[in-house]
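Geometric and topological summary
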Amino acid sequence: MKTRFVLFLIASCICMINLQLEAQDMNNPFFSEWKTPFQTPPFDKIKHEHYMPAFEKGIKEHDKEIEAVISNTAKPTFKNTIEALEKSGELLTKVNRVFGAMSSANTDDEMQTIAEKSASMLSKHNDDIFLNPKLFAKIKAVHDSKEAKKLTPEQKVVLENYWLDFTMGGANLDEKGKDALRKINDELSQLVVKFGDNVRKENSKFELVVDSKDALAGLSDSYIKEASEKAEAKGYKGKWLFTIDKPTLLPFLTYSSNRALREKMYKAYMSRGNNNDSLDNKKIFSRIITLRVKKANLLGYKNYADLILQRKMAKTPENVYKFLSDVWKPTVNTAKKEVEEMQALIKEEGGNFKLEPWDWWYYAEKVKQKKYALDEDMLRPYFKIENVIQGAFAVAHKLYGLNFIERKDIQIYHPDVKVFEVKEASGKHLGVLYTDYFPRESKVNGAWCGSFRDESNIGGKFISPVIYNVGNFTKPTSDKPALLSVDDVETLFHEFGHALHGLFQHITYPGAGVVPTDFVELPSQIMEKWALEPEVLAMYAKHYQTGEVIPAALVKKVENASHFNQGFETLEYMAASILDMDWHTITDTMPRDVEKFEKESISKMGLIPEVWPRYMTTNFIHIATWGYESGYYSYLWSAILDSDAFEAFAEKGLFDQATAKSFRKDILEKSGSEDFMQMYKKFRGREPKVEALLKKRGLN
């Protein structure tokens, strides 16, 4: 009787636990179908405590789906193996997409703790898949089958991507090698999260508090007012606060006549992650490089760049170095001429010092004013952010017939966010676009594009894309709207180009959407080309107070200054690209002194002292966490493509419908479902030529 009672209590406890778990599941928005418009994330319901249970359940469900593929006794085919894998992991993808977006755009310490915990779980889960010999045997059977030759072009790409995922993921290693790879991947997953979080915290930590009005010389009234409002919000009443987020940093470097403060701001930005404190990234990055070399060696490659470039257009480090070398000389020569002009101006003004990197923006602006009678403050009033957004939308409408309808009924994750339904000219729903453009402490610095959901159409189950654009542009003040710089305008158009790529992507399988970084920047960078065209400026550049369209004389000044400072802008970018390649062509696993390595790299490349790389190692988030390692060169590689591609529009008309239709059909819709160079040649009729880039930047 006693035993029966004990069993009854145990059963009751188990029942209660199960009921509690079911209740938790019912309260977790990731565990039910979203009844929101277009199944967009229900941000009003998603809480921090929902992420880890969703990750855990998502991994378990994915494991079961993988096991079902493995245990299928039928002969491996594309449908029962590759397509089945493409359909698997729905819950895990769902939570991962939302969490990935929020951990960059709306994060906090609790989110970062979740990021660290989930990173290790996801690393193990990925390794469990890619290192599974039974699953790899199935994929190999399909890869080697006669059926593989009869697949559609897109299916062939998907199959090849799986083959590369597994072979580059260690599927051919023995058990000892697989164990070693698991340990490497697990440690890397932790380090990259920590690196990124340190940079985010560094961006928020630095404060330059000014208590003397004399120290504000050169700064505009609106900029000073913004700094005053920032200071008051932080408790520094009667003072002025400046931070190193880009919308604050660049105007300060451009207009502040206080050279000592310019130096302080610039060095604070460039030394993020390199201050020998709890946020220091030197040891972290050195360890990342060591682990990446070990991983590459384990997989049969002499360095990490050899491994990564297998999936990019460039293919080899030698090709990347040659490409950068070909553009380096004309770029350095142009930058040297720019230095001469600025040094002459310093002398003319009675200055007795040599131009330094923190002087560049200030004196470049002075030279621009002298040569072209043009400065940023003349242009900003015409670039109210709402007008710029509508300008980007108008370009997409004239090119592709798209319409953007703001939706107030779709949940947002922050008050700064706006949501638009995107429709074809016919009225057909195309997708959803979120925009999130203002800086805040919960957001990583920079600008980017991502997706909460990509398009797919497996078995006739169509899923439309949900895309987001994120930026860190100047915020409105109490008496002025957000007025953008020219650089901000081009950045907004750039990310919008990525968004169009995601919206237009017309593929059946998500696995066909894998686009290498040296091609993925083509759709974004070509959109920048429309931003400052006179015909386009007339569509959206209107004075925020009077509504006056930007005067033709001012547009002409913008045109005349289009080549200005291109030596510097290209050179600082190329220096960072070479630094990236130098790090990832290391062949030994010895720990590196980061500062010493940087100095040697910069000395070897022959960088002029007045220019520093765009990023230093300890804050180079692109190559540490964003997937651009051995790939930062991609922006310039894609610049050749976009400059050449835009010439097709320039030759036939900015909004030539036949050219726009071809660009959409052959480039944007195809995504990665065909060979990238073949895609480009279908559009242009030939391979790209570098001359268009050199001409566009005035480097020839």
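None of the values given here were measured: they were computed from a predicted structure. (Residues numbered from 1 in each chain as written. Predicted model: local features only at pLDDT ≥ 70, side-chain atom pairs only at ≥ 80, totals over all residues. Heavy atoms only, no water.)

**Focus on the overall build of the protein chain**
The helix and strand inventory of the protein chain stands at 28 helices and nine strands. Taken over C-alpha atoms, the radius of gyration comes to 27 Å for the protein chain, in line with the 27 Å a tight globule of 700 residues would show. With respect to the principal axes defined by its C-alpha atoms, the protein chain has extents near 100 × 65 × 60 Å. Accessible surface, the protein chain as shown: approximately 30800 Å² in total, 53% of it carbon and sulfur. (Helix = DSSP H or I, 4+ residues; strand = E, 2+ residues; numbered from the N terminus. Rg over C-alpha atoms; globule rule 2.2 N^0.38 Å. Areas by Shrake-Rupley, 256 points an atom, 1.4 Å probe, with all protein chains shown as cover.)

**Examining helix α6 (residues 133-143)**
In an α-helix, one turn spans 3.6 residues, which is why side chains three or four residues apart end up on the same side. What α6 keeps buried is the set L135, F136, K138, I139 and V142. Considered in projection along α6, the buried side chains sweep an arc of 155° and stay on one side of the axis. Along its buried surface, α6 packs onto α2 (51-71), α3 (78-87), α5 (109-130) and α7 (153-167). The N-terminus of α6 is capped by N132, whose side-chain oxygen sits 3.0 Å from the backbone nitrogen of K134. (Buried < 20%, exposed > 50% of the residue type's maximum accessible area, 1.4 Å probe, protein only. Arc of directions from axis to C-beta. Contact = heavy atoms within 4.5 Å. Polar contact = N/O pair within 3.5 Å; in protein donor to acceptor, adjacent residues only side chain to side chain.)

**Some points on the pairing of strand β9 (residues 466-470)**
Most of β9 is tucked away, with five of its five residues classed as buried. Burial of β9 is two-sided: the residues V466, Y468 and V470 facing one way and the residues I467 and N469 facing the other way are all buried. Judged from the five bridges that link them, strand β5 (residues 429-436) and β9 form a sheet pairing that is parallel. Bridge pairing links D436 to V470 in β9. Relative to β9, strand β6 (residues 448-453) is paired through five bridges, and the arrangement is antiparallel. By the bridge assignment, G450 is partnered in β9 with Y468. (Pairing = 2+ DSSP bridges.)

**Here's the deal with the side chain of Q155**
With respect to the element layout, Q155 can be found in helix α7. Relative accessible area serves as the criterion here: at 15%, Q155 is assigned to the buried category. Excluding residues within four positions of it along the chain, Q155 makes contact with F78 and Y509.

**Let's talk about the packing of aromatic side chains**
Aromatic ring pairs are reported here in terms of the distance separating the ring centres and the angle at which the planes meet. Under the defined criterion, the tally for this structure stands at 52 aromatic pairs. Ring geometry for F30 against Y51: centres 5.7 Å apart, planes inclined by 45°, an arrangement best described as tilted. Placement of the pair is F30 in the loop between α1 (2-27) and α2 and Y51 in helix α2, with a sequence separation of 21 residues. With respect to class, F30 is no different from Y51; both count as buried. (Phe/Tyr/Trp six-rings, centres within 6.5 Å; stacked < 30°, edge-to-face > 60°.)

**Considerations on unusual backbone geometry**
Of note, F38 is a non-glycine position whose phi angle comes to about 60°, a positive value. Here F38 is to be found in the loop between α1 and α2. The residue K315 is not glycine, and still its phi comes out positive at about 75°. Mapping K315 onto the fold places it in the loop between α13 (304-308) and α14 (317-348).

**With respect to the environment of L250**
Following the sequence through the fold, L250 ends up in helix α10 (residues 246-255). Judged by relative accessible area, which is 22%, L250 ranks as partly exposed. Here the alpha-carbon distance between L250 and G196, two residues 54 residues apart in the chain, equals 22 Å. Here L250 is in contact with W361 and D487, once residues within four sequence places are set aside.

**Let's talk about the sheet that holds β9**
The strand order β3-β4-β5-β9-β6 describes an open sheet built from five strands, whose pairing is mixed. Two strands bound the open sheet, and with one partner strand each, they are β3 (403-406) and β6. Each strand axis lies, on average, 30° off the axis of its neighbour in the sheet, ignoring direction. Strands in contact with helix α4 (residues 90-105) are β5, β6 and β9; relative to β6, the strand with the most contacts, it is inclined by about 150°. Helix-sheet contacts for helix α18 (residues 486-504) involve β3, β4 (418-423), β5, β6 and β9, and the interaxial angle to β9 is about 175°. (Axes fitted to C-alpha atoms, helices over the stretch in contact; angles between N-to-C directions.)

**Overview of the nonpolar core**
Of all hydrophobic cores here, the largest spans 190 residues; its most connected members are Y51, F242 and W530. Once you skip the residues sitting within four places of it in the chain, F242 turns out to touch F206, E207, L208, V210, L216, L219, Y223, A227, T248, F252 and M265. By size, the runner-up hydrophobic cluster in this structure holds 23 residues, among which are I70, L85, I129 and V158. (Core = buried A, V, L, I, M, F, W, Y, C linked by side-chain atoms within 4.5 Å.)

**Some points on a positive patch on the surface**
On the surface, a cluster of positive charge is made up of K75, K146, K149 and K150. As for its placement among the helices and strands, K146 is situated in the loop between α6 and α7. The class for K146 is exposed, based on a relative accessible area of 73%. (Patch = residues over 30% accessible without salt bridge, like charges linked within 9 Å, V, L, I, M, F, W, Y side chains within 5 Å. Salt bridge = Lys/Arg side-chain N within 4 Å of Asp/Glu carboxyl O. Lys, Arg positive; Asp, Glu negative; His and termini not counted. Charge placed at Lys NZ, Arg CZ, Asp CG, Glu CD.)

**Comments concerning the confidence of the model for the protein chain**
For any part of a model where pLDDT is low, the fine detail of the predicted coordinates should not be relied upon. Residues at a pLDDT of 70 or more form 97% of the protein chain, whose mean pLDDT is 94. In this model, residues 1-9 is a region of pLDDT below 50 whose contacts with residues beyond four sequence positions or in other chains number zero contacts. (pLDDT = per-residue confidence, 0-100.)

**Some remarks on α14**
For α14, built from 32 residues, the straight-helix expectation of 46 Å at 1.5 Å per residue is met to within 8% by its first-to-last C-alpha distance of 45 Å. Helix geometry: α14 is bent most strongly at W328, by close to 35°, with proline P330 lying one to four residues after it. (Expected span 1.5 Å × (residues − 1). Bend = angle between axes of the 7 residues up to and from the residue.)

**Structural notes on the pattern of salt bridges**
Following the criterion strictly, the structure yields 47 salt bridges and no others. With a shortest N-O distance of 2.8 Å, R287 and E187 are connected by a salt bridge. Separated by 100 residues along the polypeptide, R287 in helix α12 (residues 282-298) and E187 in helix α8 (residues 175-205) bring together distant segments of the chain. When its relative accessible area of 29% is taken as the criterion, E187 is described as partly exposed. Between D359 and R259 there is a salt bridge whose closest N-O contact spans 2.8 Å. On the criterion of sequence distance, the pair formed by D359 in the loop between α14 and α15 (360-372) and R259 in helix α11 (residues 259-270) is long-range, its members being 100 residues apart. A relative accessible area of 0% means that D359 is categorised as buried. Overall, the relative accessible area of 26% leaves R259 in the partly exposed class. Within the structure, one salt-bridge network assembled from shared partners comprises D109, D197, R200 and K201.

**Here's the deal with the packing of α18 against helix α19 (residues 517-531)**
Packing of α18 against α19 leaves a shortest axis separation of 7 Å and a crossing angle of 135°. If you check the angle between α18 and α19, you find them oblique. Between α18 and α19 lies a crossing whose hand is right-handed. Across the interface between the two elements, V489, E490, F493, H494, F496, G497, H498, L500 and H501 from α18 touch V520, E521, P523, S524, Q525, M527, E528 and A531 from α19. Residues of the contact of α18 with α19, tallied by class, amount to eight nonpolar, six polar and three charged. (Parallel < 35°, antiparallel > 145°, perpendicular 65-115°, else oblique. Left-handed = near helix turned anticlockwise from the far one by under 90°. Nonpolar A, V, L, I, M, F, W, Y, C, P; charged D, E, K, R; others polar.)

**Some remarks on the pairing of β4**
Where β3 lies against β4, four bridges are found, and the strand directions are antiparallel. Among the inter-strand pairings, N403 is bridged to a residue of β4, identified as K423. Looking at chain direction, β4 and β5 are connected through six bridges and run antiparallel. When the sheet's bridge partners are listed, F420 is paired in β5 with L433. Hairpin connection from β4 to β5: five residues lie between these consecutive antiparallel strands, with G427 at a positive phi of about 95°.

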